[in-house]
Amino acid sequence: MHLRLFTTALGVLSFLTFMSCSKKQPQTSISTADSLTALNGVYTLAQADAVETLYEEACATCHGPDGRGTEGGSPLRGSAFQEKWGKKSLGELFSVTKTTMPKNNPGSYDDKTYAGLLAFILQLNNYPPGESELASNKTDLDVILFGPPAPKKVPYKYKPRSVDQPITSIEGDWPVHRSNFGSTSYSPLNLINKENVKNLKVVWRWKTDNFGPTPEFNYEATPLMVNGILYTTAGSRRSVAAINGMTGETLWTYQFNEGSRTSSAPRLNSGRGVSYWKDPKGSDRVVYVTPAYHLISLDAATGRPVETFGDHGVVDLKAGIDRVDPETTAIGSTSPPIIVNDVIIVGSCFPPGLAPPSMKEVRGDIRGYDVKTGKRLWTFHTIPQAGEYGNETWKNDSWKYTGNVGSWPPLSADPELGYVYLPLEAATGDFYGGHRPGDNLFSQSLVCLDAKTGKRVWHYQLIHHDIWDYDNPAPPVLADINVDGKPVKAVAQITKQGFVFVFDRTNGKPVWPIEEKPVPASDVPGEVSSPTQPFPSKPAAFERQEVNEDALIDFTPELHQEAVRIAKQYRFGKLYTPIAVHHAPEVLGTLLLPSATGGANWQGGVLDPETNILYISSTTAIEGMAMFADPDVSDMNYVAWWTAAGQFGPQGLPLVKPPWGRITAIDLDTGEHVWMMPNADAPDWVKDHPALKGIKLPRTGRADRVGLLVTKSLLFAGEGAGLYGSEGGGGNKFRAHDKLTGEIVAEIELPANQSGMPMTYAINGKQYIVLAVGAQEHPGELVALAVK
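Computed from a prediction, not measured in an experiment: that's the story for all the values here. (Residues numbered from 1 in each chain as written. Predicted model: local features only at pLDDT ≥ 70, side-chain atom pairs only at ≥ 80, totals over all residues. Heavy atoms only, no water.)

S.K.: Hey, could you run me through helix α8 (residues 111–124) in this one?
M.R.: Side chains three or four residues apart in an α-helix point the same way, a direct result of the helix having 3.6 residues per turn. Here α8 is 14 residues long and its end C-alpha atoms lie 20 Å apart, about the 20 Å a rise of 1.5 Å per residue gives. Burial within α8 is extensive, with 12 of its 14 residues counted as buried. Those residues of α8 not exposed but buried are Thr113, Tyr114, Ala115, Gly116, Leu117, Leu118, Ala119, Phe120, Ile121, Leu122, Gln123 and Leu124. Within two residues after α8, Asn126 carries a phi angle of roughly 65 degrees, on the positive side. (Helix = DSSP H or I, 4+ residues; strand = E, 2+ residues; numbered from the N terminus. Expected span 1.5 Å × (residues − 1). Buried < 20%, exposed > 50% of the residue type's maximum accessible area, 1.4 Å probe, protein only.)

This is the structure we're talking about:
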């Protein structure tokens, strides 16, 4: 029933609070014939009964479950009500109600609903029902209420209800981090659609301010939803919480005290969420990784650790790793593990790798654990050890001490094939490879493993001997595509450098040819860069991949001239131009486009499986970087530092032309681009810049990547948080786009900037969209949107 759909959104705000709170009461009555009164039967029982749930959920808190009033609201029945309203018309009552209530959104109901609530009040006061409904027209609403109420014939019987609204149906859940094992972030739900999306409103908010010693602002978690309950992480200590999916009420929380080991966490934040395992016997579990690298299994119903898992619910993930000090070694994971066919598979992350203190680092091996017991089942060495495939790609025995090559994004899987797909990162250090000569398998590779055994099935290295920190930043996206009339079980890897590599996920064969092309050689002492790099023939790059004078800002000739002057202090060129040694003032470094943060990053892309269109969020930003010899910082010959980032162009504007942030749609059946559009309007600080006075700016986009969500009929996108790797980016708008054209269908204003990936689900016939938001001076929170 439509009433039930919007009453939840109102919470316990009373629809009729004006009777106790409004200062503007009716002063005059409409002149009517005395013979026409409420005693004549001007409503029907069915009309009053239709809004009973609305009254109980939205009005009873203030006016009492039986209308007798409370300390928070005046009565709606009895002598006090009669004295106040007995000689005034229903028209006045209707008018005041509609124009003042509900307080958070006056006039938001239709006239039929307001008339129904008046009928409900008449029933509370024992006025007799009739044969015709009370309608919102002059004839019915000119009825005078005077006179004693009729004898008690149709008493209202209050039926106590549970504090919790019962779940009668779940039309769509979100049981995996990106909605499914293929990381598509797709939902077939269509209760929110082109016709009603403009009516999206915030229906509940869940705040994280007090999770952790200080608030977290860049809140990146994406909740799961199973059986009507959301599960998420929150705060720098990475607490876990269960939340009522309809109301936002906290059901339970859990926090693991890591003590002094907390200081070794490479990324002290809430992470990006949890995993869920459905037990055939009913003892479902929530599984997550703590900041300092513990694997914990919780009872989904209570939030208590599962005693039979590991050591009373906890597995120490640092155990069994070479060269690890449990208290000091900085290894962890910000992503939820993936659970495939009863095996928990865990990746890893490290501190930023611009200037590692040493060339010797811990490996980011991938490991599998039994979901029931926590027993380690297998380990995959991301840097091949002696006798293993790929070991020869590490010359001078560099495999013995080099580390990293973890998988910091979430993983994807095909449970039917029994395969898991790993987007692996660079080796130590991110920008200098002089201590690790060779192609360095399996760094910067997409690797497919057997989920049960951890055995390698296939791999493809997307960058040889990486010296740009172009990690595989996002989970691979699985798609069942049709290429030239042939079905292909595909996997698509989105990259920082602006490519999408597409493979047959069963065997690793490229769907379209990948060509090895020559690239410039590095002149950094000790560095031996790869002479070639892989370039996919399809799809075309979704980001600009070359710095030249034509790529620089040109709103005015003066700005362009200044941009050219700035750029000429650096080396620049096509993709894979090596980073130069800093020799000021002649050479300040190298300009990178895309920058080392992308291009695309952890937000990656989403897939519509009905059309096989892949939607990618990316940033166009030039950044300057240089190599330095700094023995006080590291035992490596060279480390890297940013020499220019953010808005270092002319007069504080970006150096590169817009769009600075974009959304690109690519058809994976053909490999062709469908559309591209900037992700937002020009930010105010650009519109109001003195150098641009009088210039009509195009839609520029904002220098931030945004989390996307695709449903049956719409693509949703925000403007980014503006809190990480995106100086000058971010915004609080959340938009619905036409999937086929990119056209904006609706725009919603959020309480703060979108910081996490949106997700969606439906309970009791109502669809919700939930996403994390945050901004400077606005601690992170979850916001739920629904149609009112």
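S.K.: Got a minute to help me understand the sheet that holds strand β8 (residues 285–289) in this structure?
M.R.: Sheets are built from strands paired through backbone hydrogen bonds, the pairs being either parallel or antiparallel. The strand order across the open sheet built from 4 strands is β7-β8-β9-β10, with neighbouring strands paired in antiparallel fashion. Pairing within the sheet leaves two strands with one partner each, and these edge strands are β7 (275–277) and β10 (314–316). Direction aside, the axes of adjacent strands within the sheet are offset by 20 degrees on average. In the sheet, strand β9 (residues 294–299) pairs with β10 via 3 bridges, with the strands oriented antiparallel. Paired with Leu295 across the bridge in β10 is Val315. (Pairing = 2+ DSSP bridges. Axes fitted to C-alpha atoms, helices over the stretch in contact; angles between N-to-C directions.)

S.K.: I would appreciate a short explanation of the packing of aromatic side chains in the present structure.
M.R.: Describing an aromatic ring pair means giving the distance of the ring centres and the angle of the ring planes. What the rule picks out here adds up to 21 aromatic pairs. Between Trp206 and Phe211, the aromatic rings sit 5.4 Å apart at their centres with planes inclined by 35 degrees, giving tilted as the arrangement. Relative to Trp675, the ring of Tyr615 has its centre 5.9 Å away and its plane inclined at 45 degrees; by these criteria the two rings are tilted. Separated by 60 residues along the polypeptide, Tyr615 in strand β26 (residues 613–619) and Trp675 in strand β30 (residues 672–678) bring together distant segments of the chain. In this structure, Tyr615 and Trp675 share a single accessibility class: buried. When the ring centre of Trp602 is taken as reference, the NZ or CZ atom of Arg272 above it lies at 4.4 Å. (Phe/Tyr/Trp six-rings, centres within 6.5 Å; stacked < 30°, edge-to-face > 60°. Lys NZ or Arg CZ within 6 Å of the ring centre and 35° of its normal.)

S.K.: Help me understand the side chain of Glu220 in this model?
M.R.: By secondary structure assignment, the location of Glu220 is in the loop between β2 (200–207) and β3 (224–226). At 3.0 Å, the side chain of Glu220 and the side chain of Asn218 are in polar contact. In terms of polar contacts, Glu220 uses its side chain to reach the side chain of Arg272, at 2.9 Å. Residue contacts for Glu220: discarding those within four places in its chain leaves Ser270, Gly271, Arg272, Trp602, Ser755 and Gly756. (Polar contact = N/O pair within 3.5 Å; in protein donor to acceptor, adjacent residues only side chain to side chain. Contact = heavy atoms within 4.5 Å.)

S.K.: Would you explain the side chain of Ser333 in this entry?
M.R.: Inspection of the secondary structure puts Ser333 in the loop between β10 and β11 (338–340). Within the local environment of Ser333, its side chain forms a polar contact with the backbone oxygen of Ser335, the two atoms lying 3.2 Å apart. When sequence neighbours within four positions are dropped, the list of residues in contact with Ser333 reads Arg238, Val289, Thr290, Tyr293, Gly347, Ser348 and Cys349.

S.K.: I'm lost on helix α10 (residues 557–567) in this one. Help?
M.R.: Residues of α10 that are buried include every one of Leu559, Ala563, Val564, Ile566 and Ala567, and no others. Buried positions in α10, seen along its axis, are confined to an arc of 160 degrees and lie on one side of it. Exposed side of α10, more than 90 degrees from the buried face: Pro557, Glu558 and Gln561 are the residues found there. Elements in contact with the buried residues of α10: β24 (590–592). (Arc of directions from axis to C-beta.)

S.K.: Please clarify how the sheet that holds strand β25 (residues 605–608) should be interpreted in this entry.
M.R.: The strand order β25-β26-β29-β30 describes an open sheet built from 4 strands, whose pairing is antiparallel. For this open sheet the edge positions go to β25 and β30, each flanked by a neighbour on one side alone. In this sheet, adjacent strand axes meet at a mean angle of 20 degrees when their direction is disregarded.

S.K.: I'm lost on the nonpolar core in this one. Help?
M.R.: Note that soluble globular proteins tend to have their nonpolar side chains buried in a common cluster. Judged by nonpolar contacts, the single largest core of 55 residues is most densely connected at Trp204, Trp206, Tyr231, Phe716 and Tyr761. If one sorts the elements of this core by residue count, strand β37 (residues 766–775) sits on top with 7 residues. With near-sequence residues (within four places) excluded, Tyr231 lies in contact with Pro223, Leu224, Val226, Ala241, Ala242, Trp252, Val274, Tyr276, Val286 and Ala300. Trp468, Val491, Leu575 and Ala596 belong to the second-largest nonpolar core, a separate cluster that totals 34 residues. (Core = buried A, V, L, I, M, F, W, Y, C linked by side-chain atoms within 4.5 Å.)

S.K.: Please clarify how the confidence of the model for the protein should be interpreted in this entry.
M.R.: Close inspection of predicted coordinates is inappropriate for parts of the model with low pLDDT. In this model, the protein carries a mean pLDDT of 89, and residues with pLDDT of at least 70 account for 86%. Here residues 1–35 scores under 50 on pLDDT; set against residues more than four positions off or in separate chains, the count is 100 contacts. (pLDDT = per-residue confidence, 0-100.)

S.K.: Just checking my understanding: could you explain the pairing of β26 for this structure?
M.R.: Remark: a regular strand shows side chains that alternate across the two faces of the sheet. With respect to burial, β26 is a largely interior element, 7 of its 7 residues being buried. The two faces of β26 match: Ile613, Tyr615, Ser617 and Thr619 on one face and Leu614, Ile616 and Ser618 on the other face are all buried. Note: β25 against β26, 4 bridges, orientation antiparallel. Within β26, the position partnered with Asp608 by the bridge is Ile613. What sits between the antiparallel neighbours β25 and β26 is a turn of 4 residues, in which Asn612 has the positive phi angle 60 degrees. Here 7 bridges tie β26 to strand β29 (residues 661–667), and the two strands are oriented antiparallel to one another. In the strand pairing of β29, Ser618 is matched with Arg662.

S.K.: What's the story with the pattern of salt bridges in this structure? I'm lost.
M.R.: Any two side chains of opposite charge can pair if their charged atoms end up close together. This model, assessed by the stated rule, comprises 24 salt bridges. In this structure, Arg205 and Glu781 form a salt bridge, with 2.8 Å as the shortest nitrogen-oxygen distance. Taken as a pair, Arg205 in strand β2 and Glu781 in strand β38 (residues 778–787) lie far apart in primary sequence, 576 residues in all. Looking at Arg205, the relative accessible area reads 40%, which means it is partly exposed. For Glu781, a relative accessible area of 0% corresponds to the buried category. Residue Arg363 pairs with Asp365 through a salt bridge whose shortest N-O separation is 2.9 Å. Accessibility classification places Arg363 together with Asp365 in one group, the buried group. (Salt bridge = Lys/Arg side-chain N within 4 Å of Asp/Glu carboxyl O.)

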